[in-house]
Amino acid sequence: MITVSALTAFIRILLLGAFCLCPVLNAASGEESGSCADDALDFGFYAFFDPVSYSADEDPESEGFHRHRGYEADLLTALEAMQGAGLSFSRHPIPVFDDIWLQSASPEYDIVGGGITILDSRKRDATGEERVIFTSGHIIFRQSLLTRAEDEERMNSYDKLSSDLRVGALASTTGEFRLLELTGFVDDKGLLAAGVRVDTPQGPVIADGSADYVITPAGESPSLAERSALHPPAAAMPQVIYLGRDTGENELIDALQAKTIDAVARGDLGNQAAAHASGGSLVVAARDDKIEYGGFTVDINAPELAACLDEKINWLTDNRRIGYGQWVEHPTVFLGRAEIWNERPAQEN
């Protein structure tokens, strides 16, 4: 029997024009893959990306720190509800975002998520060896600037940023990289512009325009590790302040409200949620036009698991026609899709 909540989700999906009873096929074989795993899978999730993936309690010592919340948490729960998928997850919080995508290649985790943008460079470790596979993109990201309401007009475009403004960022994120790219700190390969001064624990270093000074969404040159600030060589570029490495992006929001920084460069979904929670004191100003997709990672040696996850994720999202916006309006939308999967004829499962 389909529950009331599932029926509501079903009707909503119909209204969205996103419903299909046809089976989702494994792209490699053309057939449904069936069960994805024999045992529970260890899933590592980033603990500080509200509303996409976060811990119920920010305190690492609390019990709530191990409870997964957000869009990706609900997507996983729906995967577990799909009969015949063979999916169950033991969820483990990861507090540091740096190289989180590579953790699925470690013995601790089978799958890793947490609002991770799919990038080819993130498949490889520091030696260039390919270590992980990304699953199908299940969420769309854009980057933006969050600022105080009184500063919205002066920061409603990236090209308005200047050296008297301090923009906060979390290192090794696409929010950081797009800020640096759009304001001229780096080129599309991450090469840092000559004259940029970088504050590091070992003292300041000055980029000379060479390949010794690189920042990308997948990492940075060794000399730039644990950077705390970038100082621009030109007046038409902002200062960049790094916060939140160990405590997450809420440290950036706190600094913005305390007026120690003037804007936060990060994903638009998180910025929208922070603006809403502020009751109007914070607003989303500039928005990037570039579209990115987020997914999970698995070990390079587990292509069958990746393909099986893709099949089930593509069913739940109706091949990307159902996503974050629909989840916000109807948080049980993925469970509704799972129940529709379960109601199909047995031979289709």
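Residues numbered from 1 in each chain as written. Predicted model: local features only at pLDDT ≥ 70, side-chain atom pairs only at ≥ 80, totals over all residues. Heavy atoms only, no water.

## Focus on the overall build of the chain
Test applied: Only DSSP runs of H or I covering at least 4 residues are called helices, and only runs of E covering at least 2 are called strands; the numbering of each starts at the N terminus. For every residue, the accessible area (1.4 Å probe, protein chains only) is compared with the maximum for its type, and the residue is labelled buried under 20%, exposed over 50%, or partly exposed between those bounds. Using the Shrake-Rupley algorithm and a 1.4 Å probe, accessible areas are obtained, with residue cover drawn only from the displayed protein chains.
Per the secondary structure count, the chain includes eight helices and 19 strands. Relative to its 349 residues, the chain shows a buried fraction of 51%. Surface accessibility of the chain: about 15000 Å² in total, with carbon and sulfur atoms responsible for 50%.

## Side note on a negative patch on the surface
Rules: Residues with no salt bridge and a relative accessible area higher than 30% make up the patches, which join like charges within 9 Å and nonpolar side chains (Val, Leu, Ile, Met, Phe, Trp, Tyr) within 5 Å. Think of a salt bridge as a Lys or Arg side-chain nitrogen and an Asp or Glu carboxyl oxygen that are within 4 Å of each other. Only four residue types enter the charge count: Lys and Arg as positive, Asp and Glu as negative, with His and the chain ends excluded. Just so you know, the charge point we use is NZ for Lys, CZ for Arg, CG for Asp and CD for Glu.
Taken together, D50, D57, E58, D59, E61, E251 and D254 make up a surface patch of like negative charges. Along the chain, D254 turns up in helix α4 (residues 250-257).

## Regarding the state of the cysteines
Between two cysteines, a covalent bond joining their sulfur atoms is known as a disulfide. Going by this rule: A pair of cysteine sulfur atoms is labelled a disulfide when the two atoms are within 2.5 Å.
A full pass over the atoms with the stated rule returns one disulfide. In this model, C36 is linked to C308 through a disulfide, with the two sulfur atoms separated by 2.0 Å. Its S-S torsion of approximately -85 degrees makes the covalent link between C36 and C308 left-handed. With C36 in the loop between α1 (4-16) and β1 (41-46) and C308 in helix α6 (residues 303-316), the pair connects residues that are 272 residues apart, well separated along the chain.

## Some remarks on the sheet that holds strand β12 (residues 205-206)
Basically, it comes down to this: Only strands joined by at least two bridges in the DSSP assignment are considered to pair. Residues are treated as being in contact if the distance between any of their heavy atoms lies within 4.5 Å. With axes taken as lines fitted to C-alpha atoms, and helix axes fitted only over the stretch in contact, angles between N-to-C directions fall between 0 and 180 degrees.
Taken together, eight strands build an open sheet; the order of strands is β12-β11-β15-β16-β10-β17-β9-β18 and the sheet is mixed. Among the strands making up the open sheet, the edge pair consists of β12 and β18 (282-287). The sheet contact formed by strand β11 (residues 197-199) and strand β15 (residues 229-231) spans three bridges and is antiparallel. Directly across from D199, in β15, lies its bridge partner A229. Along the sheet, α4 contacts β9 (143-148), β10 (166-169), β17 (263-267) and β18; its crossing angle with β17, the most-contacted strand, is approximately 155 degrees.

## Remarks on the environment of D299
With respect to the secondary-structure elements, D299 resides in strand β19 (residues 292-299). In this structure, the C-alpha to C-alpha distance between D299 and I133, residues 166 residues apart in sequence, is 6.1 Å. When residues no more than four places from it in sequence are discounted, the contact partners of D299 are S104, A105, D110, R131, V132 and I133.

## Things to note about the pattern of salt bridges
When charged atoms on two side chains of opposite charge get close, those side chains can pair. Evaluation of the coordinates by the stated rule reveals 26 salt bridges. Linking E63 and R67 is a salt bridge whose minimum nitrogen-to-oxygen distance equals 3.9 Å. For R67, a relative accessible area of 37% translates into the label partly exposed. The network of salt bridges with common partners includes R148, E150, D151, R154, D164, R166, K259 and D262.

## Describing helix α5 (residues 268-277)
Those residues of α5 lying buried are D268, L269, G270, N271, A274 and A275. Note on α5: the residue one or two positions beyond its end, G279, has a positive phi of about 70 degrees.

## Points about the sheet that holds strand β3 (residues 53-55)
Strand order in the open sheet formed by three strands is β2-β3-β4, and the pairing between neighbours is antiparallel. Single-partner strands in this sheet number two, and they are β2 (48-49) and β4 (68-69). Judged from the two bridges that link them, β2 and β3 form a sheet pairing that is antiparallel. Each bridged residue has a counterpart across the sheet, and for F48 the counterpart in β3 is Y54.

## Section: the packing of aromatic side chains
Stated formally: Here a pair means two rings of Phe, Tyr or Trp (six-membered ring of Trp) with centres within 6.5 Å. Their orientation is stacked below 30 degrees between planes, edge-to-face above 60, and tilted elsewhere.
Under the defined criterion, the tally for this structure stands at twelve aromatic pairs. Arranged with centres 5.7 Å apart and planes meeting at 90 degrees, the rings of Y71 and W327 form a pair that is edge-to-face. With Y71 in helix α2 (residues 71-81) and W327 in helix α7 (residues 324-329), the pair connects residues that are 256 residues apart, well separated along the chain. For Y71, a relative accessible area of 0% translates into the label buried. Residue class for W327 comes out buried when judged on its relative accessible area of 12%. On the basis of an interplanar angle of 75 degrees and a centroid distance of 5.6 Å, the ring pair of F97 and W101 is categorised as edge-to-face. F97 gets classed as buried once you look at its relative accessible area, which sits at 7%. Relative accessible area serves as the criterion here: at 0%, W101 is assigned to the buried category.

## Things to note about a nonpolar patch on the surface
Together, I140, I291 and Y293 give the surface a local cluster of nonpolar side chains, amounting to about 250 Å² of exposed area. Residue placement: I291 occurs in the loop between β18 and β19. Look at I291 and you get partly exposed, because its relative accessible area is 43%.

Geometric values such as these leave the question of function open.
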